[in-house]
Amino acid sequence: MVASRFPYVLFDWGGTLMSEDGPAEIAMAYWDEVKAIAGAATTLATLAPRHSLCLATNAVVSGREQIELALERASLRRYISQIFCAAEIGARKESPAF
C-alpha cells in the first residue's frame, strides 16, 4: 500500500457496497442472491492500492462471519481489511462507543 494522506477509507455496508434487496430478517450471507451495488467493485479496486478499506455497519442480523461471507459472494471481500459491526460491538455507529 502506498502512503496516503487518508490511510483508511471507511464504507457503510448495506446500500453503499451491497444491495439491501432481500429479506431483512435473514442474514444477507444466506439470501438466495447477494449483489454488490453497481460500481462498488471498481471503486474498491481503485482505492485498495492506496488505502486500507474498512466497513462499518449497524446490521444486527449479521455478525462478522456472515458479513465476510456476503462480501465474498459478491467478490468484494478481498478489498476489505477491517469490519466493524454493531452486532459485535454492542453499539450503533452513531454512538461514541462504536
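This is a predicted model, so every value here is computed, not measured.

Notes on the overall build of the chain
Link 1 in the chain: Within the chain one finds three helices and three strands.
Link 2 in the chain: The N-to-C order of helical and strand elements in the chain reads β-α-β-α-β-α.
Link 3 in the chain: Within the chain, buried positions represent 37% of all 98 residues.
Link 4 in the chain: Long-range pairs, those at least 24 residues apart, make up 69% of the contacts in the chain with a sequence separation of at least 6.
Link 5 in the chain: Element-wise, carbon and sulfur atoms account for 52% of the exposed surface of the chain, whose accessible area totals about 5,800 Å².
Link 6 in the chain: Taking the average location of the 9 positive side-chain charges in the chain and that of its 11 negative ones, the two points are 11 Å from each other.

Considering the layout of surface pockets
Link 1 in the chain: For the largest pocket, the calculated volume is near 250 Å³.
Link 2 in the chain: Taken together, 17 residues form the lining of the largest pocket, with Trp13, Glu20, Met28, Trp31 and Ala59 sitting closest to its centre.
Link 3 in the chain: Class assignment of the residues belonging to the lining of the largest pocket gives a composition of nine nonpolar, five polar and three charged.

Quick word on the sheet that holds strand β1 (residues 8-12)
Link 1 in the chain: If you walk across this open sheet you meet the three strands as β1-β2-β3, and the pairing is parallel. Edge positions in the open sheet fall to β1 and β3 (80-85), since each of these has one partner strand only. Adjacent strand axes in the sheet meet at a mean angle of 25°, parallel and antiparallel pairs treated alike.
Link 2 in the chain: As defined by bridge partners, strand β2 (residues 52-57) adjoins β3 across five bridges and the pair is classed as parallel.

Re the pairing of β2
Link 1 in the chain: Taken across its six residues, β2 has six buried, putting it largely inside the fold.
Link 2 in the chain: The side-chain alternation of β2 yields two buried faces, one formed by Ser52, Cys54 and Ala56 and the other by Leu53, Leu55 and Thr57.
Link 3 in the chain: Across five bridges, the pairing between β1 and β2 is parallel. Its bridge partner lying in β2, Leu10 is registered against Cys54.
Link 4 in the chain: Read as a crossover between parallel neighbours, the route from β1 over helix α1 (residues 40-47) to β2 is right-handed.
Link 5 in the chain: Read as a crossover between parallel neighbours, the route from β2 over helix α2 (residues 64-73) to β3 is right-handed.

Examining a nonpolar patch on the surface
Link 1 in the chain: The grouping of Leu10, Phe84 and Ile89 at the surface amounts to a nonpolar patch, some 260 Å² of accessible area in total.
Link 2 in the chain: According to the relative accessible area criterion, Leu10 is exposed, its value standing at 56%.

Here we look at the environment of Asp32
Link 1 in the chain: Counting through the fold element by element, Asp32 comes out in the loop between β1 and α1.
Link 2 in the chain: Measuring from C-alpha to C-alpha, the distance between Asp32 and Gly22 comes to 8.6 Å, with ten residues separating the pair along the chain.

So, the pattern of salt bridges
Link 1 in the chain: By the definition in use, this model includes four salt bridges.
Link 2 in the chain: Residue Glu88 pairs with Arg64 through a salt bridge whose shortest N-O separation is 3.3 Å. Taken together, the residues span a long stretch of sequence, with Glu88 in helix α3 (residues 86-89) and Arg64 in helix α2 at a distance of 24 residues.
Link 3 in the chain: Residue classification places Glu88 among the partly exposed positions, given a relative accessible area of 46%.
Link 4 in the chain: Linking Arg77 and Glu68 is a salt bridge whose minimum nitrogen-to-oxygen distance equals 3.3 Å.
Link 5 in the chain: Looking at Arg77, the relative accessible area reads 22%, which means it is partly exposed.

The rules behind the values
All residue numbers here refer to positions counted from 1 along the written sequence of the relevant chain. Where local features are concerned, this predicted model is filtered to residues with pLDDT of at least 70; where side-chain atom pairs are given and counted, the filter is 80 or more; whole-chain, interface and lining totals use all residues. Values shown for side chains rest on all heavy atoms present in the structure; no hydrogens or waters enter the calculation. Think of it this way: any DSSP run of H or I at least four residues long counts as a helix, any run of E at least two long counts as a strand, and we number them from the N terminus. Here the term buried applies to any residue with accessible area under 20% of the maximum for its type, exposed to any over 50%, and partly exposed to those in between, with areas from a 1.4 Å probe on protein chains only. Here, residues are in contact when the closest pair of their heavy atoms is within 4.5 Å. Throughout, the Shrake-Rupley method with a 1.4 Å probe supplies accessible areas, and for residues the shown protein chains are the sole cover considered. By the counting scheme adopted, Arg and Lys are positive, Glu and Asp are negative, and His together with the chain ends is not counted. Charge coordinates come from a single atom per side chain, which is NZ of Lys, CZ of Arg, CG of Asp or CD of Glu. Space inside and on the surface of the protein is sampled on a 1 Å grid over the protein atoms alone, with a cavity defined as a set of points where a 1.4 Å probe fits but cannot get out and a pocket as an open set with protein on both sides within 12 Å along at least 5 of 7 lines; lining residues have an atom within 4 Å of a point. Grid points are joined across faces, edges and corners, and a volume is the space filled by probe spheres set on the points. Basically, the charged four are Asp, Glu, Lys and Arg, the nonpolar ten are Ala, Val, Leu, Ile, Met, Phe, Trp, Tyr, Cys and Pro, and anything else, Gly included, counts as polar. Whether two strands pair depends on DSSP finding at least two bridges between them. Every axis corresponds to a line fitted to the C-alpha atoms, with the helix fit spanning only the stretch in contact, and the corresponding angles, defined between N-to-C directions, vary from 0 to 180 degrees. Look down the strands so they point away from you; if the path from the first strand over the helix to the second goes clockwise, the crossover is right-handed. For patch detection, residues must exceed 30% relative accessible area and be free of salt bridges, and they are connected within 9 Å for like charges or within 5 Å for nonpolar side chains (Val, Leu, Ile, Met, Phe, Trp, Tyr). Salt bridges are defined as contacts in which a side-chain nitrogen from Lys or Arg sits within 4 Å of a carboxyl oxygen from Asp or Glu.

On their own, these measurements won't tell you what the molecule is for.
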